[in-house]
Amino acid sequence: MPIIEVSGVRKAYGGRTVVDGISFTVEEGEIFGILGPNGAGKTTTVECVEGLRHPDAGTVKVAGLDPVRDRDGVTRVLGAQLQESELQPKITVQEALQLYAACYPDPADWRALAERLGLTEKLSTRFAKLSGGQKQRLFIALALIGNPRVVVLDELTTGLDPRARRETWALIEEVRDSGVTVLLVTHFMEEAQRLCDRIAVIDKGRVAALDTPAGLVSRAAGAVVTTFTPSAPLPAADLAALPRLASHEERDGNVTLTGTDETVTALLALLARTGTTAHRLRIVEATLDDAFLDLTGEAA
Amino acid sequence: MTSAAAPAKASPGRAVLRTETRLFLREPGSLFWIIGFPVLLLAILGAIPGFREPDPANGGQRIIEFYVPTAVVLAMIMAGLQAMPPVITGYRERGILRRMSVTPVRPQAVLGAQMGLHGVASLVSALLVIVVGRLVFDVALPGQPAGYVLALLLAIVCALALGAFISAVAPTTKIATAIGSIVFFPSMFTAGVWLPIQAMPDLLADIVSFTPFGAAVQALDQAAAGDWPSWSHLGVAALWAALLSLGAVRWFRWE
């Protein structure tokens with residue numbers, strides 16, 4: 001049984017539809033990403049999962065429970081890190097851990113959790129004096145302190161420097177390896193590609209695509225990128241006629257083509273037929289960035 | 001977690017109260033204005049020799065005697081209007097209430113703890129004013145203790161309800177602080193900080209009697225003099241407390 005089931009969820013604020021019929025399921029033990037541009041409805045969707053918002057239509061189930069009607073049950077199995085949320089400026093790390101531990105019937109040992117998240121040195125530091133990375137580590141600790149089965153992390157690494165971001169990624173993988181399901185909201189492609197088992201790409205309140213990161217990339221029109229410098233110029237019409245070609249660019253004698261495997265096969269045939277040598281030939285898979293832009297129609 | 005050395009787990013409500021108490025004690029500014037300022041004001045006014053002399057114009061009562069109930073209500077105004085609204089709106093603005101609401105504990109626990117702490121602090125301040133009034137300025141203890149306690153509790157509820165109402169209608173901490181300050185001065189005036197109600201012209205005194213703190217001060221004054229406070233003063237204070245509480249509940253937003 002999936003641990004999170006979202007089906008046909010709609011939510012509008014003052015007549016403006018923010019979430020327009022979103023459905024997905026999250027299996028126990030996976031890192032499920034919700035990826036989308038700003039304002040796509042990602043946060044509203046997870047707020048329905050957390051029980052902070054009431055969907056206008058559709059149903060949400062977390063471990064078989066309705067987050068709004070069975071608030072108590074859901075808060076016991078779901079830990080959350082909220083976007084742009086803070087703590088009392090003068091609360092210390094230890095006080096925050098103890099306070100939130102007391103909120104749950106069967107909490108984790110806060111000392112062990114502090115140790116695991118590298119917060120032991122900071123136990124007597126007040127929240128306002130923590131760095132961005134330390135604050136986020138504390139919020140991960142608070143999300144885990146109730147021994148949840150699911151954690152929802154919303155834009156966890158926004159505002160962190162690259163080093164702190166990578167450290168946080170390692171922590172998220174550790175969390176998943178300990179058997180906790182992770183629902184990760186992000187707008188960083190690299191983060192989604194590195195961490196997620198599956199990704200729902202959300203655009204304008206709808207699920208634009210739902211697949212593994214590799215699946216999303218291969219699904220995109222320009223999944224394979226080929227670059228080379230031909231020994232002699234190739235006729236532009238021949239290049240443009242390649243099958244499944246998504247884009248074609250020539251600059252300073254360098255040719256860049258995007259398309260599928262079929263495009264590449266045809267290109268190689270064209271090179272052989274015209275007796276052209278392709279210098280510095282590189283054939284690479286597109287990144288999730290390319291797939292994302294393609295899926296959300298945000299290409300420049 | 002099963003650890004033999006682990007202490008008995010605190011109940012959620014008690015853990016919230018303990019944490020909020022610690023945080024409350026880390027705000028020296030609030031503590032000064034709630035607990036230090038009213039008694040300081042009484043001491044300054046008591047230092048004026050004329051205020052300590054029986055005044056034939058007031059039926060032989062000394063001015064300082066009027067100022068004890070005023071200073072008591074001032075403690076409540078400081079706690080409810082000045083100190084509490086920025087804390088509550090700040091908790092909402094920073095997402096602290098939202099964060100608490102994704103745990104099995106409801107965020108009402110945090111608000112309840114804050115209101116309780118501000119209420120207790122204003123009560124401590126009131127006792128300090130009464131004790132200093134008695135020991136330093138020889139102002140008799142309340143002659144009608146039960147009536148005094150009732151009036152005191154109503155005054156606290158009024159101040160907390162007004163503070164909660166301000167927190168409810170103010171969208172941001174800055175606005176809450178601004179509204180608190182705007183309401184603060186008329187509240188001080190109606191509590192008789194600048195002019196004891198007994199010394200106000202009749203019409204003004206009548207108007208002030210219909211304000212929450214004007215009614216509370218007069219009820220306290222009557223109980224201090226040994227009479228049961230008049231039901232009209234208690235009723236006015238109770239009505240304000242009820243209306244403001246309803247308004248606060250009606251308009252409060254958790255985010």
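Under the annotation held in an unreviewed UniProt entry, chain B carries the name Transport permease protein and is attributed to Streptomyces albidoflavus. Quoted verbatim from the Sequence similarities (unreviewed entry) field of the UniProt record, the comment on chain B reads "Belongs to the ABC-2 integral membrane protein family."

Visitor: I'm lost on the interface of chain A and chain B in this one. Help?
Guide: It is common to give the size of an interface as the accessible area that goes away when the parts come together. The partner chain B presents 27 residues to the 36 residues of chain A that form the contact. Contact between chain A and chain B buries roughly 2,800 Å² in total, counting both sides, with carbon and sulfur atoms accounting for 54%. There are 5 salt bridges connecting chain A and chain B. In this assembly, chain A and chain B are joined by 9 residue pairs in polar contact (both at pLDDT 80 or more). Among the secondary structure elements, those contributing two or more residues to the side of chain A that touches chain B are helix 1 (42–50), helix 2 (71–77), strand 5 (78–81), helix 3 (93–102) and helix 5 (132–144) of chain A.

Visitor: How should the sheet that holds strand 6 (residues 150–154) of chain A be read in this particular structure?
Guide: The pairing of strands in a sheet happens through backbone hydrogen bonds and is either parallel or antiparallel. Residues and elements named next belong to chain A. Sheet architecture is open: 6 strands sit in the order 5-6-7-3-8-9, paired in mixed fashion. Each edge of the open sheet carries a strand with a single partner, namely strand 5 and strand 9 (206–211). The average undirected angle you get between the axes of adjacent strands in this sheet is 15°. In this sheet, strand 7 (residues 181–186) lies alongside strand 3 (residues 31–35) in parallel orientation, the contact comprising 5 bridges. Residue Ile31 lies in a different strand from strand 7, and its bridge partner there is Val182. Each of strand 5 and strand 6 touches helix 5; the most contacted strand, strand 5, lies at about 165° to it. Its contacts with the sheet put helix 6 (residues 162–177) on strand 3, strand 6 and strand 7, and the angle it makes with strand 7 is roughly 150°.

Visitor: Whenever I open this one, the layout of surface pockets confuses me. Can you help?
Guide: Sizing a probe to match a water molecule and rolling it over the atoms shows the empty space that remains. All names here are of chain B. When its volume is computed, the second largest pocket comes out at roughly 400 Å³. Looking at the lining of the second largest pocket element by element, the count peaks at 6 residues for helix 3 (residues 63–93). Broken down by class, the residue content of the lining of the second largest pocket amounts to 7 nonpolar, 6 polar and 4 charged.

Visitor: How should I be thinking about the pattern of salt bridges in this particular structure?
Guide: It is possible for side chains of opposite charge to pair when their charged atoms get near one another. Under the criterion given, the structure shown has 25 salt bridges over all chains. Across the pair Glu95 of chain A and Arg22 of chain B runs a salt bridge, and its minimum N-O distance is 3.6 Å. Here Glu95 of chain A, found in helix 3, pairs with Arg22 of chain B, found in helix 1 (residues 12–25), and the two come from separate chains. Glu95 of chain A sits in the buried class, given a relative accessible area of 8%. We note a salt bridge from Glu173 of chain A to Arg194 of chain A, for which the minimum N-O separation is 3.0 Å. Of this pair, Glu173 of chain A sits in helix 6 while Arg194 of chain A is found in helix 7 (residues 189–195), placing the two residues 21 residues apart along the sequence.

What counts as what
- Residues numbered from 1 in each chain as written.
- Chains lettered and ligands numbered in written order.
- Predicted model: local features only at pLDDT ≥ 70, side-chain atom pairs only at ≥ 80, totals over all residues.
- Heavy atoms only, no water.
- UniProt positions renumbered as here; feature names shortened; annotations may be inferred.
- Contact = heavy atoms within 4.5 Å.
- Buried area = accessible area lost by both parts, 1.4 Å probe.
- Salt bridge = Lys/Arg side-chain N within 4 Å of Asp/Glu carboxyl O.
- Polar contact = N/O pair within 3.5 Å; in protein donor to acceptor, adjacent residues only side chain to side chain.
- Helix = DSSP H or I, 4+ residues; strand = E, 2+ residues; numbered from the N terminus.
- Pairing = 2+ DSSP bridges.
- Axes fitted to C-alpha atoms, helices over the stretch in contact; angles between N-to-C directions.
- 1 Å grid on protein atoms, 1.4 Å probe; cavity = no way out; pocket = protein on both sides within 12 Å on 5 of 7 lines; lining within 4 Å.
- Points joined across faces, edges and corners; volume = space filled by probe spheres on them.
- Nonpolar A, V, L, I, M, F, W, Y, C, P; charged D, E, K, R; others polar.
- Buried < 20%, exposed > 50% of the residue type's maximum accessible area, 1.4 Å probe, protein only.

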